[in-house]
Amino acid sequence: MPEVQETILEIDLNALKHNFEYLKSKLKPKTLFLAVVKAFAYGNDAQEIAKYLQDLEVDYFAVAYANEGVALRQAGVTTPILVLHTLAVNFDAILENNLEPNLYNAKILNEFIAFAEEKNQNEYLVHIKFNTGLNRLGFWENDIDYLVSKVKATKAIKVKSLFSHLAASEDLNEKEFTLNQINSFKTIAENFSKAIGYQPLLHMCNTSGVLNYPEAHFDMVRCGIGLYGFGNSEIQSANLKPSASLKTVISQIHHIEKGESVGYNRAYKSDRLFTKTATLPLGHADGIGRIYGNGKGFVTIHGKKAPIIGNVCMDMIMVNITDIDCKEGDEVIIFDGKITSAETLAESAGTISYELITGISQRVKRVILK
Ligand SMILES: *Cc1c(COP(=O)(O)O)cnc(C)c1O
């Protein structure tokens, strides 16, 4: 492994492959696998990850916004790409890059049909989302007649898939609610397909859905967080390997005497005779938010925990290394797959792995381990 000389996010493609194969092992052989690579593949590196998964013959990709799909096409990705959150302003980019829009309400449906007709499209592939309880995006069950009449009235689009999203697939206390969502989606899918006269693909499960609700895998599953190594529970995460490790180095060490303070607003005041601190080259502009400051978050140096002291600065944090034998230039681990997972660090500040990993900013250099 190369020596760390600055803040880097190391991305381990072998871990990604392990997670992909583990999640696939939970599926029937015919179930398709859609990899969710939105938000820079959850902060990893969307282009590298997508190209790698394409080589592993993943069936589909999803991004949140069209520009994310455009970046994948520019990187040479040819696998179908579903745009989860279609906005009318992005229709041109969608068409030019052969992206497949999610149509989730009457406004976006009608606008896209008009657009596709004007561009002389024939059976342009679209996906229809139904709301079964998350109340975020999607048509309602009683929109089916309207929807089908609109789709049947044009040759410009064809419905490639119907889908819905679970609200609490990771929470087994909400099993009854989830089973209701699944049943409601089944009814919707049946009624829609009968009325339209052909059978679109059906999909509903995110990572936790894949692991907790095998009866809801349908034709395809949509995995994000699991690919990057987290399973929304300790037991499930144990079978997965975090793909990203955030590492840095010690820039400077200070010896602080009793009563002295560290950082902005003098938020940390030393109450020991001597405190040794290390200044590290990453801060809230790199994705380590202020919530990790003042003793909540920590880093690991030579296997020992060093709490973040004082307020997190834009470009730096200071950590307490009083009891750690280390020197300037030594390696620091913020999270990895072995010592501290992003899940543990996120929990220390009351947030979740999704937020921590997707928030690692583009300033941090990505290093791909193959
Ligand atoms: C982000 C997203 C997913 C992926 O969810 P994970 O919990 O990360 O597996 C799946 N479907 C939709 C609609 C999403 O927005």
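Refer to the structure presented above.
A short tour of the structure in this document, coming up. (Residues numbered from 1 in each chain as written. Predicted model: local features only at pLDDT ≥ 70, side-chain atom pairs only at ≥ 80, totals over all residues. Heavy atoms only, no water.)

1. Here's the deal with the packing of helix H7 (residues 144–152) against helix H8 (residues 175–196)
Close contact between H7 and H8 brings their axes to 10 Å; oriented N to C, the two are set at 35°. Considering only the axes of H7 and H8, their crossing is right-handed. Seen from H7, the contacting residues are Ile144, Leu147, Val148, Val151 and Lys152; seen from H8, they are Ile188, Asn191, Phe192, Ala195 and Ile196. Looking at the contact of H7 with H8 residue by residue, the classes come out as 8 nonpolar, 1 polar and 1 charged. (Axes fitted to C-alpha atoms, helices over the stretch in contact; angles between N-to-C directions. Helix = DSSP H or I, 4+ residues; strand = E, 2+ residues; numbered from the N terminus. Left-handed = near helix turned anticlockwise from the far one by under 90°. Contact = heavy atoms within 4.5 Å. Nonpolar A, V, L, I, M, F, W, Y, C, P; charged D, E, K, R; others polar.)

2. Some thoughts on the environment of Ala189
Along the chain, Ala189 falls in helix H8. Put simply, Ala189 and Leu201 are 12 residues apart on the chain and 9.3 Å apart in space, counted from C-alpha to C-alpha. For Ala189, the contacting residues outside a window of four places in its chain are Leu162 and Leu202.

3. What about the nonpolar core?
With 113 residues, the main nonpolar core has Phe33, Phe112, Leu227, Ile301, Val319 and Phe335 as its most contacted residues. The residues contacting Val319, other than those within four sequence positions of it, are Lys276, Thr277, Ala278, Leu280, Val299, Ile301, Ala306, Pro307, Ile308 and Ile309. Among the nonpolar cores identified, the runner-up in size contains 6 residues, and Ile256, Ile309, Cys313 and Met318 belong to it. (Core = buried A, V, L, I, M, F, W, Y, C linked by side-chain atoms within 4.5 Å. Buried < 20%, exposed > 50% of the residue type's maximum accessible area, 1.4 Å probe, protein only.)

4. Some details on the packing of aromatic side chains
Taken as a whole, this structure holds 10 aromatic pairs when the rule is applied. Ring geometry for Tyr42 against Tyr354: centres 6.2 Å apart, planes inclined by 40°, an arrangement best described as tilted. Here Tyr42, found in helix H2 (residues 38–42), pairs with Tyr354, found in helix H12 (residues 353–358); they are 312 residues apart in sequence, far enough to count as distant. A relative accessible area of 7% means that Tyr42 is categorised as buried. Ring geometry for Phe130 versus Phe192: centroids 6.2 Å apart, planes at 75°, classification edge-to-face. Residue Phe130 is located in the loop between strand E6 (124–129) and H7, and its partner Phe192 is located in helix H8; the two are separated by 62 residues in the primary sequence. Of the two residues examined, Phe130 and Phe192, each falls in the buried class. An aromatic cluster is defined as three or more aromatic residues linked by ring pairs; in this entry it consists of Phe91, Phe112, Phe115 and Tyr124. Taking the ring centre of Tyr198 as reference, the NZ or CZ of Lys158 above it sits at 4.9 Å. Of note, Lys305 hangs over the ring of Phe298, and the distance from its end group to the ring centre comes to 4.2 Å. (Phe/Tyr/Trp six-rings, centres within 6.5 Å; stacked < 30°, edge-to-face > 60°. Lys NZ or Arg CZ within 6 Å of the ring centre and 35° of its normal.)

The values reported here are purely geometric and, on their own, carry no functional implication.
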